[in-house]
Amino acid sequence: MLTFWFKIPLWQRVIGALILGIITGFLWGPEAESIKWIGDFFIKSIKMLVVPLIFFSLVAGIAAIGNIRKLGSVGGRAMLLFIITGQIAAWLGLALGSLVKPGAGVVVDAIEKGETPKPNNTSAVDMILSIVPDSPVQVMADVNVLPLIVFALLIGIGILMAKEDGKPLAKIFDSGAIVMQKVTLIVMELTPFGVFALMAWVAGVLGMDALQSLAWLVGLNYFGCLLIILVVYSSMIKFLAKLPVIDFFRGIVDAMVVSYSTASSNATIPVTLKCTQRNLGVSQSVSSFVVSLGATINMNGTAMYLGLATLFGAQIFGVDLSWGDYLMITITSTLGAIGAAGIPGAGLIMMALVFGSVGVPLETIAFVAGVDRIMDMMRTTTNVSGDAAVATTVAVMTGEIDTAEMISADDI
Ligand code: ASP
């Protein structure tokens, strides 16, 4: 029995669990919440890996890059791709929102209001200050990914600068990174159970009713995210990376399913790293760098959604928007997506930033809050797929990929 279970490739077990979870949720209804703890157990287990994995892999990865100039070329390319795709996503959200007008026919009274989350302190200065850790130990304890990346980057650069004297420390981080990859493989075996429970919970609690009144918004959110994944990322892989698109997606199935069910880019980092390294052959140095950074700042699904939701709010409340406002929305949506943490519901909090910039009432947040989770799952999948696509493309551009590994993606 056990051998039979392990004989099925993990990604197939995970997809099966996803489908079974949805069916169970619909049949069982809100009671399905009683098994949510299994999903929480799974999320806690992968979250436990995030800090040591980023820390060991990123430092080891940077040390392995060998020199600071090459680090700059990897970082520069990744940032460029992050920004271009983020802008495309935000404009796509606006285009869908203005063409389909999802808010035009909405009867506001029919929507059950959720809670309006308190907006974060999101001034530009606060955002810049939050990048620098007060104390490295504190950011590790708080699982605060962006300052942790900054700290790991600095240690990696320090190792490169120390040359021979840095080598013993680089070796320790190398060994730590390998051990953490093994621990990740153990934890990944929980995925089918976690995914099953989380999907049953979402499908059971939200059901079809909640979706009906906001169907257009939810539908457009899925459509926009699919366009980003199928058109933008596929083109990036086909034309920039010049790799087979199908093999790319087959290689990241686990990361897509885990991001979908957990709605957290951060919690998915260990899985995204495993997929890009083991299934796609991206070098450890490039994948650790791009995936860790991407999980916090590269959120195209979120950028698209922020643009779309702003138009939705403007349409519900009859706010007229000028071309200048549109430009403002794309800028604040991209910034909001960069500032959003890779955790469930982060995009919802960032709405305050975008809405405030063009005078759309914050009340809109309460209207969409009830169905945010179901949209969050899809935008997180988009965000995580984008991290993998950029990591793969940058790896190809800098000669940091072993494509022989990618071809053998079947035997994941
Ligand atoms: N949950 C998303 C993520 O982790 C962020 C968001 O809420 O849009 O990528």
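Our subject is the structure that appears above.
In this report, the structure presented in the accompanying data block is examined. Since this is a predicted model, take the numbers as computed values, not measurements.

## Considerations on the overall build of the chain
A tally of regular secondary structure across the chain gives 21 helices and zero strands. Here the C-alpha atoms of the chain give a radius of gyration of 21 Å, agreeing with the 22 Å that 2.2 N^0.38 yields for 412 residues. With the C-alpha coordinates aligned to their principal axes, the bounding extent of the chain is approximately 65 × 55 × 40 Å. Put simply, the chain has 412 residues, and 54% of those count as buried. Taking contacts inside the chain between residues at least 6 apart in sequence as the whole, the part at least 24 apart equals 86%. Of the accessible surface of the chain, which amounts to about 17500 Å², a share of 68% is contributed by carbon and sulfur atoms. Averaged over its 22 positive side-chain charges, the chain has a centre that lies 9 Å from the centre of its 27 negative ones.

## Overview of the packing of helix α14 (residues 265–279) against helix α20 (residues 372–397)
Orientation of α14 relative to α20, taken along the N-to-C sense of each, is 35°, at an axis distance of 10 Å. The crossing of α14 and α20 is right-handed. Facing S265, T268, T272 and T276 of α14, the residues of α20 in contact are T380, N383, V384, A388 and A391. Its residues assigned to classes, the contact of α14 with α20 comprises three nonpolar, six polar and no charged.

## Considerations on the site of the ligand
Every one of the 16 residues lining the ligand counts as a neighbour, but S265, T302, G347, D376 and R379 are closest to it. Here an oxygen atom of the ligand sits 2.4 Å away from a polar atom, N or O, in the side chain of S265. A distance of 2.9 Å separates an oxygen atom of the ligand from a polar side-chain atom of N383. For the ligand, whose accessible area on its own is 270 Å², the fraction buried by protein is 100%. Of all elements in the fold, only α18 (346–358) and α20 reach the threshold of two or more residues within the shell around the ligand. Sort the elements by how many residues they give to the shell around the ligand and α20 lands first, with four residues.

## A word on the environment of A337
For A337, the location among the structural elements is in helix α17 (residues 323–339). Assessed through its relative accessible area of 3%, A337 is described here as buried. Residues in contact with A337, not counting those within four places in the same chain, are T296, I297, M299, T302, A303 and L306.

## Comments concerning the pattern of salt bridges
Inspection of every chain in the model, using the stated rule, returns eight salt bridges. Note that D254 and K274 form a salt bridge whose closest N and O atoms lie 3.1 Å from each other. Here D254, found in helix α13 (residues 253–262), pairs with K274, found in helix α14; they are 20 residues apart in sequence, far enough to count as distant. Here the two residues D254 and K274 agree in accessibility, since each one is buried. Between D372 and R379 there is a salt bridge, with the nearest N and O atoms lying 3.0 Å from each other. The two residues D372 and R379 agree in class, both being buried. One salt-bridge network, held together by shared partners, links D372, D376 and R379.

## Some points on the nonpolar core
Note that soluble globular proteins tend to have their nonpolar side chains buried in a common cluster. In terms of nonpolar packing, the biggest core is built from 125 residues, with V290 and M351 touching the most fellow members. A total of 15 residues in this core trace back to one element, the largest contributor, which is helix α3 (residues 36–65). Residues within four places of V290 in sequence aside, it is in contact with V74, A78, F82, D387, V390 and A391.

## Here's the deal with α3
Under the 1.5 Å per step criterion, the end-to-end length of α3 is 42 Å for 30 residues, consistent within 8% with the ideal 44 Å. Its axis deflected by about 30° at V50, α3 carries its strongest bend there, up to four residues before the proline P52. G66 sits one or two residues past α3 and shows a positive phi near 95°.

## Let's talk about the packing of aromatic side chains
Inspection of every chain in the model, using the stated rule, returns eight aromatic pairs. Between F55 and F151, the aromatic rings sit 6.0 Å apart at their centres with planes inclined by 10°, giving stacked as the arrangement. Highlighted residues: F55 in helix α3 and F151 in helix α7 (residues 145–162), separated in sequence by 96 residues. Of the residues examined, F55 reaches a relative accessible area of 15% and is grouped as buried. Their ring planes at 45° and their centres at 5.4 Å tell us that W323 and Y326 sit as a pair that is tilted. Residue W323 and its partner Y326 are located together in helix α17, separated by three residues, close to a single helical turn. Under the relative-accessibility criterion, W323 is labelled exposed at 69%. An aromatic cluster is built from F55, F56, F151 and F173, whose rings are joined through pairwise contacts. Residue placement shows K36 over the ring face of W201; its charged tip is 4.7 Å from the ring centre.

## Here's the deal with a nonpolar patch on the surface
A cluster of nonpolar side chains, namely W91, W323, L327, I331, L335 and I338, defines an oily patch on the protein surface of about 610 Å² accessible area. Looking at the element boundaries, L327 is found in helix α17.

What counts and how
Residues numbered from 1 in each chain as written. Predicted model: local features only at pLDDT ≥ 70, side-chain atom pairs only at ≥ 80, totals over all residues. Heavy atoms only, no water. Helix = DSSP H or I, 4+ residues; strand = E, 2+ residues; numbered from the N terminus. Rg over C-alpha atoms; globule rule 2.2 N^0.38 Å. Buried < 20%, exposed > 50% of the residue type's maximum accessible area, 1.4 Å probe, protein only. Contact = heavy atoms within 4.5 Å. Areas by Shrake-Rupley, 256 points an atom, 1.4 Å probe, with all protein chains shown as cover. Lys, Arg positive; Asp, Glu negative; His and termini not counted. Charge placed at Lys NZ, Arg CZ, Asp CG, Glu CD. Axes fitted to C-alpha atoms, helices over the stretch in contact; angles between N-to-C directions. Left-handed = near helix turned anticlockwise from the far one by under 90°. Nonpolar A, V, L, I, M, F, W, Y, C, P; charged D, E, K, R; others polar. Near = heavy atom within 4 Å. Polar contact = N/O pair within 3.5 Å; in protein donor to acceptor, adjacent residues only side chain to side chain. Salt bridge = Lys/Arg side-chain N within 4 Å of Asp/Glu carboxyl O. Core = buried A, V, L, I, M, F, W, Y, C linked by side-chain atoms within 4.5 Å. Expected span 1.5 Å × (residues − 1). Bend = angle between axes of the 7 residues up to and from the residue. Phe/Tyr/Trp six-rings, centres within 6.5 Å; stacked < 30°, edge-to-face > 60°. Lys NZ or Arg CZ within 6 Å of the ring centre and 35° of its normal. Patch = residues over 30% accessible without salt bridge, like charges linked within 9 Å, V, L, I, M, F, W, Y side chains within 5 Å.

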